[in-house]
Amino acid sequence: MINFERFTLNNGLRVIVHEDKSTPMAVVDVMYDVGARDEDEEHTGFAHLFEHLMFGGSLHIESYDEPLQMAGGENNAYTTNDLTNYYCQLPAENIETAFWLESDRMCSLAFNENSLEVQRKVVSEEFKEQYINKPYGDVWHKLRELSYKEHPYKWMTIGKKLSHIENAKLQDVKDFFFKHYTPSNAILTVAGNVTVDQIKQLAEKWFGDIPAGKKYDRKIKQEPEQKEPRMMEVTESVPLDALYKCWHIASRLDKRYYVTEIISEILAGGASSRLFQSLVKEQQLFSSIECSHMGSIDPGLLYIDGKLLKGVSLEVAENAVIVELEKMKTELISKVELEKIKNKTESMLAFEDISLMNRANSLANYELLGDANLMNTELESYQAVTREEIMEECKRIFVDTNCSTLYYRSTIKETVMDADVQLRYP
Amino acid sequence: MLNRTIAPPIKDAIDFDITLKDCTRMSLSNGVPVYYINDGAEEVAMIDFVFEAGNNYENKNGVAVATNHLIKNGTTKRNAFEITEYFEYYGAYLSRKCYNETASITLHCLAKHLKELLPLIRELITVSIFPQSELEIFQQNSIQRLSVNMLKCDFVANRLIDQYLYGPNHPYGRVSTKENVEAITRQDVLDFYRDFYNNAKCSIFSAGKLPADFEELLDFQFGDLSLNNKIITVKHTRELALQKKHFIRNDHNGVQGAIRIGRPFPDRKHPDFKKAIVLNTLYGGYFGSRLMGNIREDKGYTYGIHSYLENHLEESSWVVSTEAGKEVCQATIDEVYKEMELLRNEPINAEELLLVKNYMMGLNLGYIDGPFQIISRWKSLILNQLDENYFYDSIRVIKEVTSKELLELANKYLVPEDFFELLVI
């Protein structure tokens, strides 16, 4: 049970406080309700580029990082398709520094042309490092475009293409900030060796006078039901053939989300999972296989990602996957199998809660979904899932017309390794 | 009206007192040392069995890793599936890791299940059988994974820089190849298992909300095994590459290059080591470092650039690592040396030094937050044959080291001629 208190400032900023007297540290987490799904299709990658710009100086403070480091703190941030999160950890005694820094950049950024210029380049390098310069790096660009035709989940957080980032203008940056970075669109979570009264006073002092701004009204095109199987094939210079399949699933707040989470665990949640045992160990068709889902707020995707063993054809491998999925649709899973997944979930959640940072982050995440207390009822939602619900959900998810398939074919026939490298060693 | 240009007062982190909470120590009947911390808010436990069974001890490349990985793939009583399912049924996570000197088996579970799970760990370290079929699947899948990794410039660069800095036969420089993996036999694995797990040198580290009979439980399961033997350590000599600069064309479609610039450095007991940690942090060890400030935040050549002292028990190396756009790789390399030059020529100003010190102190304060963090600090000290004095001395060095000392250190170590330089595109 994670204890917390919640209050809202007059400008709409929601504040959550989680006291933990066993630590000398404090975490300050500011989550903004904006992600890649709020971008315009011609300006993708913006929410993430913006996250970088948030460190380039704010209205009254030249640099975010240095004063925080001087106070013994460190920080990071991330952007997803749904949200943008900024968090820092520092000795609890210096917590006011974090309030000073975070509130100033909620007031306004410095909007500096040079910072934009540099971060455009940095993000371009990030794009190359993660998505271009790696074998199979473009898979998710392709899968998202194949699976989503309307919803902005069709592009990745990093952006659809490099040019969108390279062409970002300072005016776009300003518009984005004033549209999304308002107190009513944010959640401030403070955890650690603090008191609720102290945080109330600090929040009022530093965030209280920030103008509420105009409430952003999210209008996102929801994805229409997929009506036909979708298939794509690519041929690339990668060493192994790979198979990807994805299916549309329920949204984060739907009860069926928990059922889906358990389905992915049964299929590939560990070395005793079905796909691993059958396809990697027994039939030896894949050298690795994974099953997961996007964890997104709007209806997301459940996906299977497998690397084939040399000599196995994609058609044979795909059929073997389908056979396993058919079993899920026609036979109830065993009681033991379900109990195993529930036990794993229980301990996974307990381990997640060890870290102060995780606790703060989870509280913020759940508050963004509607209620921070979901953190304390999460386990019950998993425990309530039945075997019958799992079968029903599999029947609903694993149908051809709900599925997109990508064959990623390798052009490298012989695995050449190391020869080049060893020759060059003196 | 609030004046936002004025920073709130801070307590300089260097004025914080940092206390490393002690761990409980005991020995099993066979003398195996156990270090644990019984504390925490969640009903969870972690127990880590550390064996002197790293690749330092293997006679054939890859055998230590294979043994460690396959230790849970079959015993005289259960097959691989049954073993995994047993752990997973209890919601437990069993992980194995093989390092240079040590190899570990680590269990994360709900504390209430320790009693059911420890007997299976006993089984793994006493009667594993390493079925031929399991070894073959492991070999096949390792080779496939390697074939993908070899297309990544960062993976290739990491392998090569270690070879240049230690030599291809040194445990720190040794890498796995398709041929090595294929050459491993079941007998190799069985022999290694007998010599380093059945008859082992083992230490146990644990943390969490442990049961009241924890010590008895451990002694009952492990106190009668042959886990406290003297293992003869083979001393390896570092063989530096003859050539300093290397360029590898690995992927003709590559749009980025992996840069590694590294030099040999003594082990952590050397008097310069603790000071070097401070200098390294300032140079490339944190987000506000000189390298990040110049090469990412000013020039935008890279998504990230870091320098670090390698964490080995014996000798170490000091390495700069980054992936940069193909067309700016040379410019990046030039800047790395320019930043060394600045540190050799100009004393660090008082403000920057205080900032780095405060940052490091804050980090250390966070490092000892909670039983799981504290036990990993102790583990690191104990495996390095150090005690809390080393920890407190490191803290003292952070607080006291002067700009003059760091200038001297830079002149001693940040010398371009001593560095090996590698670019992989």
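Residues numbered from 1 in each chain as written. Chains lettered and ligands numbered in written order. Predicted model: local features only at pLDDT ≥ 70, side-chain atom pairs only at ≥ 80, totals over all residues.

## Details of the overall build of chain B
For clarity, the cut-off: Numbering goes from the N terminus for both helices and strands, where a helix is a DSSP run of H or I of at least four residues and a strand is a run of E of at least two. Both definitions apply: the radius of gyration is a C-alpha atom measure, and the globule rule equals 2.2 Å times residues to the power 0.38. Put simply, a residue is buried when 20 or more other C-beta atoms lie within 10 Å of its own C-beta and exposed when 12 or fewer do; between those, it is partly exposed, and each C-beta is set from the backbone.
Looking only at helices and strands, chain B features 15 helices and 11 strands. Here chain B has a C-alpha radius of gyration of 24 Å; the compact-globule value for 425 residues is 22 Å, and the two agree. For chain B, the spread of C-alpha atoms along the three principal axes comes to 65 × 55 × 45 Å. Within chain B, the proportion of its 425 residues that are buried is 49%.

## With respect to the overall build of chain A
Inclusion rule: Residues are scored as being in contact if the C-beta atoms we place from backbone atoms lie within 7 Å.
When its secondary structure is counted, chain A shows 16 helices and 11 strands. The C-alpha atoms of chain A give a radius of gyration of 24 Å, which matches the 22 Å a tight globule of 426 residues would have. Along the longest, intermediate and shortest principal axes, the C-alpha atoms of chain A span 65 × 55 × 50 Å. The 426 residues of chain A split such that 50% are buried. Restricting to contacts in chain A with at least 6 residues of sequence separation, those with at least 24 account for 79%.

## Digging into the interface of chain A and chain B
Quick reminder of the rule: The residue classification treats Ala, Val, Leu, Ile, Met, Phe, Trp, Tyr, Cys and Pro as nonpolar and Asp, Glu, Lys and Arg as charged. All others, Gly included, are polar.
Contact with chain A, which involves 66 residues of that partner, is made by 73 residues of chain B. Among the elements of the structure, α2 (65–70), β5 (84–91), α3 (95–107), α4 (113–132), α10 (274–282), β9 (286–293) and α12 (335–352) of chain A are those that each provide at least two residues to the side of chain A that touches chain B. Tallied by class, the residues present in the side of chain A that touches chain B amount to 24 nonpolar, 20 polar and 22 charged.

## Re the sheet that holds β5 of chain A
All names here are of chain A. Inclusion rule: Two strands are said to pair when DSSP picks up at least two bridges between them. With axes taken as lines fitted to C-alpha atoms, and helix axes fitted only over the stretch in contact, angles between N-to-C directions fall between 0 and 180 degrees.
Strand order across the open sheet formed by six strands is β1-β2-β6-β3-β5-β4, with mixed pairing between neighbours. Two strands bound the open sheet, and with one partner strand each, they are β1 (5–8) and β4 (74–79). Neighbour-to-neighbour, the strand axes of this sheet turn through a mean angle of 15°, independent of strand direction. Both strand β3 (residues 25–32) and β5 contribute to a ladder of eight bridges, which runs antiparallel. Each residue of the ladder has a partner; that of Val27, found in β5, is Gln89. Those strands touched by helix α13 (residues 356–369) are β2 (14–19), β3, β5 and β6 (186–192), and its axis lies near 150° from that of β6.

## Describing helix α14 (residues 388–400) of chain B
Think of an α-helix as turning once every 3.6 residues; residues three or four places apart then point the same way. Residue and element names in this part refer to chain B. Let me state the cut-off plainly: Multiplying 1.5 Å by the helix residue count minus one yields the expected span of that helix. By construction, the arc corresponds to the directions joining the helix axis to the C-beta atoms.
Here α14 is 13 residues long and its end C-alpha atoms lie 18 Å apart, about the 18 Å a rise of 1.5 Å per residue gives. Among all positions in α14, only Phe391, Ser394, Ile395 and Ile398 are buried. Along the long axis of α14, the arc covered by the buried residues comes to 95°, so they all point the same way. In this structure, α14 carries Asn389, Asp393, Arg396 and Glu400 as exposed residues pointing more than 90 degrees from its buried face.

## With respect to the confidence of the model for chain A
Interpreting fine coordinate detail is not advised for predicted regions of low pLDDT. Inclusion rule: Summary of the metric used: pLDDT quantifies the predictor's per-residue confidence within the range 0 to 100.
Averaged over all residues, the pLDDT of chain A is 93; the fraction at 70 or higher stands at 97%. Segment residues 416–426 of chain A: pLDDT under 50, and 17 contacts once partners within four positions in sequence are set aside and those in other chains are kept.

## Concerning the sheet that holds strand β10 (residues 316–325) of chain B
Residue and element names in this part refer to chain B. The sheet built from five strands is open, its strands ordered β7-β11-β8-β10-β9 with mixed pairing. Each having just a single partner strand, β7 (245–248) and β9 (302–309) make up the two edges of the open sheet. Neighbour-to-neighbour, the strand axes of this sheet turn through a mean angle of 10°, independent of strand direction.

## Here's the deal with the domain arrangement of chain A
Residue and element names in this part refer to chain A. Applied cut-off: What counts as a domain boundary in this text is fixed by an automatic or database domain assignment.
Here chain A is partitioned into domain 1 (5–207) and domain 2 (230–410). Centre-to-centre, using C-alpha coordinates, domain 1 lies 29 Å away from domain 2. Breaking the side of domain 1 that touches domain 2 down by element, the ones donating at least two residues are β2, β3, β5, α5 (139–147) and β6. Among the elements that take part in the side of domain 1 that touches domain 2, α5 stands out by supplying five residues, more than any other. Of the residues belonging to the side of domain 1 that touches domain 2, the class tally is 14 nonpolar, nine polar and eight charged.

## Here's the deal with the environment of Asn198 of chain B
All names here are of chain B. Structurally, the position occupied by Asn198 is in helix α7 (residues 186–198). Asn198 sits 35 residues away from Gln163 along the chain, and the two C-alpha atoms are 32 Å apart. Setting aside anything within four residues of it in sequence, one finds Asn198 in contact with Thr126, Tyr193 and Ser226.

## Some points on the domain arrangement of chain B
Residue and element names in this part refer to chain B. With domains assigned, chain B is organised as domain 1 (24–222) and domain 2 (245–424). At the interface, 24 residues of domain 1 touch 28 residues of domain 2. Elements with a contribution of two residues or more to the side of domain 1 that touches domain 2: β2 (33–38), β3 (44–51), α5 (153–166) and β6 (202–208). When residues of the side of domain 1 that touches domain 2 are assigned to their parent elements, the largest contribution, eight residues, is made by α5. Residue composition of the side of domain 1 that touches domain 2, grouped by class: 16 nonpolar, five polar and three charged.

## Brief notes about the pairing of β1 of chain A
Residues and elements named next belong to chain A. In this sheet, β2 lies alongside β1 in antiparallel orientation, the contact comprising four bridges. Bridge assignment links Phe7 to a residue of β2, and that residue is Val15. Where β1 folds back on β2, the antiparallel hairpin that results is connected by five residues, among which Gly12 adopts a positive phi of roughly 100°.

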